[in-house]
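# What the coordinates show
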Amino acid sequence: MASQPDSQPDLSTASPEDPGTAADTPWSGVEVEALSTAELLAQLGEDRLWLLRQLDSGRWGQWRLDLAALERELGQLIDQAGERL
C-alpha cells in the first residue's frame, strides 16, 4: 500500500471557495437518511466517481497516488458488495 502523507491539511481555516475543503464534497449540506444497501452502494459509486474527477482535474497533487489507490480499492469493494446483493 502507498505511504501515508507526512501531514494532514488543516481544513479548519479553509474557506468554502477553497477547492480542497470539506465543504466541497458531494455530501455537504445533505441530510443523510437511512438508505437501503443498494442505495448506499449507488451513492458510494457516485462519490467514487466524484473523487476520480477531482483527482483527474489535478486536485490534491501531493496525495494523488495514495488517493488513486484508495479510489481503486473502493471501486473493487463496491463491485464485490454489488455482486453479493
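Going by the structure above, here's the rest.
For the structure given in this document, a descriptive report is provided here.

How each quantity is defined
- Residues numbered from 1 in each chain as written.
- Predicted model: local features only at pLDDT ≥ 70, side-chain atom pairs only at ≥ 80, totals over all residues.
- Heavy atoms only, no water.
- Helix = DSSP H or I, 4+ residues; strand = E, 2+ residues; numbered from the N terminus.
- Buried < 20%, exposed > 50% of the residue type's maximum accessible area, 1.4 Å probe, protein only.
- Contact = heavy atoms within 4.5 Å.
- Areas by Shrake-Rupley, 256 points an atom, 1.4 Å probe, with all protein chains shown as cover.
- Expected span 1.5 Å × (residues − 1).
- Salt bridge = Lys/Arg side-chain N within 4 Å of Asp/Glu carboxyl O.
- Axes fitted to C-alpha atoms, helices over the stretch in contact; angles between N-to-C directions.
- Parallel < 35°, antiparallel > 145°, perpendicular 65-115°, else oblique.
- Left-handed = near helix turned anticlockwise from the far one by under 90°.

Let's shift gears to the overall build of the protein. For the protein, the helix and strand inventory stands at 2 helices and 0 strands. Within the span of the protein, comprising 85 residues, buried residues form 16% of the whole. Taking the intrachain contacts of the protein between residues at least 6 apart in sequence as the baseline, contacts between residues at least 24 apart amount to 56%. Total accessible area computed for the protein in this model is approximately 6500 Å², and 52% of it derives from carbon and sulfur atoms.

In this section: helix H1 (residues 37–56). Each α-helix winds once per 3.6 residues, and so residues spaced three or four apart point in a common direction. Compared with the 28 Å implied by 1.5 Å per residue over 20 residues, the 28 Å span of H1 between its first and last C-alpha is a close match. Taken together, the buried positions of H1 are occupied by Leu41, Gly45, Asp47, Leu51, Gln54 and Leu55. The inward-facing, buried residues of H1 abut helix H2 (64–84). Backbone geometry just after H1 places Gly58 at a positive phi near 100°.

So, on to the pattern of salt bridges. Scanning the entire structure with this criterion turns up 2 salt bridges. A salt bridge links Arg64 to Asp56, with the nearest nitrogen and oxygen atoms 3.8 Å apart. For Asp56, a relative accessible area of 55% translates into the label exposed.

Backbone geometry places Trp60, a non-glycine residue, at a positive phi of 55°. For Trp60, a relative accessible area of 21% gives the class partly exposed.

Its 21 residues place the ends of H2 30 Å apart at the C-alpha level, agreeing with the 30 Å of an ideal helix rising 1.5 Å per residue. By the burial criterion, the buried members of H2 are Asp66, Ala68, Ala69, Glu71, Gly75 and Ile78. Those residues of H2 that are buried lie in contact with H1.

What follows covers the packing of H1 against H2. Axis separation between H1 and H2 bottoms out at 10 Å; the angle between their running directions is 160°. Taken together, H1 and H2 sit at an angle that is classed as roughly antiparallel. By crossing handedness, the relation of H1 to H2 is classed as left-handed. Between H1 and H2, the contacting residues are Leu41, Leu44, Gly45, Arg48, Leu51, Leu52, Leu55 and Asp56 on the first element and Arg64, Leu67, Ala68, Glu71, Leu74, Gly75, Ile78, Ala81 and Gly82 on the second.

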